[in-house]
Amino acid sequence: MEINEQKLFDIAFKAMDHAYAPYSNYKVGAAILCDDGNVYDGGNIENASYGLTNCAERTAIFKAVSEGAKEIKAIAIVNGTSEMSKPCGACRQVMSEFMKADAPVFLANNTNQYKEFTFKEILPLAFSDKDMD
Ligand code: THU
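It should be emphasised that the depicted structure is a prediction, and the values quoted were computed from it without experimental measurement. (Residues numbered from 1 in each chain as written. Predicted model: local features only at pLDDT ≥ 70, side-chain atom pairs only at ≥ 80, totals over all residues. Heavy atoms only, no water.)

(A) Highlighting the side chain of Thr59. As for its placement among the helices and strands, Thr59 is situated in helix α2 (residues 56-66). Residue contacts for Thr59: discarding those within four places in its chain leaves Gly42, Gly43, Ile45 and Asn54. (Helix = DSSP H or I, 4+ residues; strand = E, 2+ residues; numbered from the N terminus. Contact = heavy atoms within 4.5 Å.)

(B) Geometry of the environment of Leu8. Inspection of the secondary structure puts Leu8 in helix α1 (residues 5-15). With 31 residues separating them in the primary sequence, Leu8 and Val39 have C-alpha atoms 7.9 Å apart. The residues contacting Leu8, other than those within four sequence positions of it, are Ile3, Ala31, Ile32, Leu33, Val39, Ala74, Ile75, Ala76 and Phe106.

(C) The nonpolar core, seen in detail. Counting 24 residues, the largest nonpolar core has Ile32, Ile75, Met95, Met99 and Val105 as the members making the most contacts within it. When contributions to this core are tallied by element, the ones reaching two or more residues are β1 (28-34), α2, β3 (72-79), α3 (89-98), β4 (104-108) and α4 (119-122). (Core = buried A, V, L, I, M, F, W, Y, C linked by side-chain atoms within 4.5 Å. Buried < 20%, exposed > 50% of the residue type's maximum accessible area, 1.4 Å probe, protein only.)

(D) Representation of the pattern of salt bridges. Evaluated as defined, the whole model comprises 6 salt bridges. Across the pair Lys120 and Asp102 runs a salt bridge, and its minimum N-O distance is 2.5 Å. Note that Lys120 is positioned in helix α4 and Asp102 in the loop between α3 and β4, a separation of 18 residues in sequence. A relative accessible area of 54% means that Asp102 is categorised as exposed. Lys130 is the salt-bridge partner of Asp129, the closest N and O atoms lying 3.9 Å from each other. Salt bridges here are not isolated pairs; linked through shared partners, they connect Glu71, Lys73 and Lys100. (Salt bridge = Lys/Arg side-chain N within 4 Å of Asp/Glu carboxyl O.)

(E) Broad picture of the environment of Cys91. Mapping Cys91 onto the fold places it in helix α3. Counting along the chain gives 24 residues from Cys91 to Glu67, while the straight-line C-alpha distance between them is 19 Å.

(F) Focus on the side chain of Asn79. Examined against the element boundaries, Asn79 turns out to sit in strand β3. A relative accessible area of 0% means that Asn79 is categorised as buried. Of the polar contacts made by the side chain of Asn79, one reaches the side chain of Thr81; its length is 2.6 Å. Of note is the side chain of Asn79, whose polar atom sits 2.8 Å from the side chain of Ser85. When sequence neighbours within four positions are dropped, the list of residues in contact with Asn79 reads Phe13, Met16, Tyr26, Lys27, Val28, Met84, Ser85, Ala108, Asn109 and Asn110. (Polar contact = N/O pair within 3.5 Å; in protein donor to acceptor, adjacent residues only side chain to side chain.)

(G) Examining the site of the ligand more closely. In the vicinity of the ligand, the residues found are Ser24, Tyr26, Val28, Asn44, Glu46, Thr53, Cys55, Ala56, Glu57, Lys86, Pro87 and Cys88. Cys88 is positioned such that a nitrogen or oxygen atom in its backbone is 3.0 Å from an oxygen atom of the ligand. Across the shell around the ligand, the residue classes break down as 6 nonpolar, 3 polar and 3 charged. (Near = heavy atom within 4 Å. Nonpolar A, V, L, I, M, F, W, Y, C, P; charged D, E, K, R; others polar.)

Here's what the structure looks like:
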């Protein structure tokens, strides 16, 4: 499948259909293109305990890694408001495990506008296990 950012956004928006967000009513969708050639999607999954909520980005990443993907080549993140999606700190740290510094991060709101960043732009000074050598 030929993948561009528009296709990734389409998949991310569809993933919002399966988001489970009865507490915040804020649905998020993510789509990631991986090194295995597949696109994995995910929505946020909330919990009555609040703290056990899983963000859309991590849902997609954990689906991908559990299917054998090793690297995220690109990610698109969307939500249903006019404010651009911004991945939380926990998701950025999880992304850093599987994304190279120059991999593209596409962030959109509920209009057709989006912004593109590199991964290192959204997580400068990332912690790495190499720091411990
Ligand atoms: N959320 C995400 O899915 N991704 C983010 O990067 C930020 C927050 C979700 C978690 C929760 O279900 C809702 O948005 C409100 O915080």
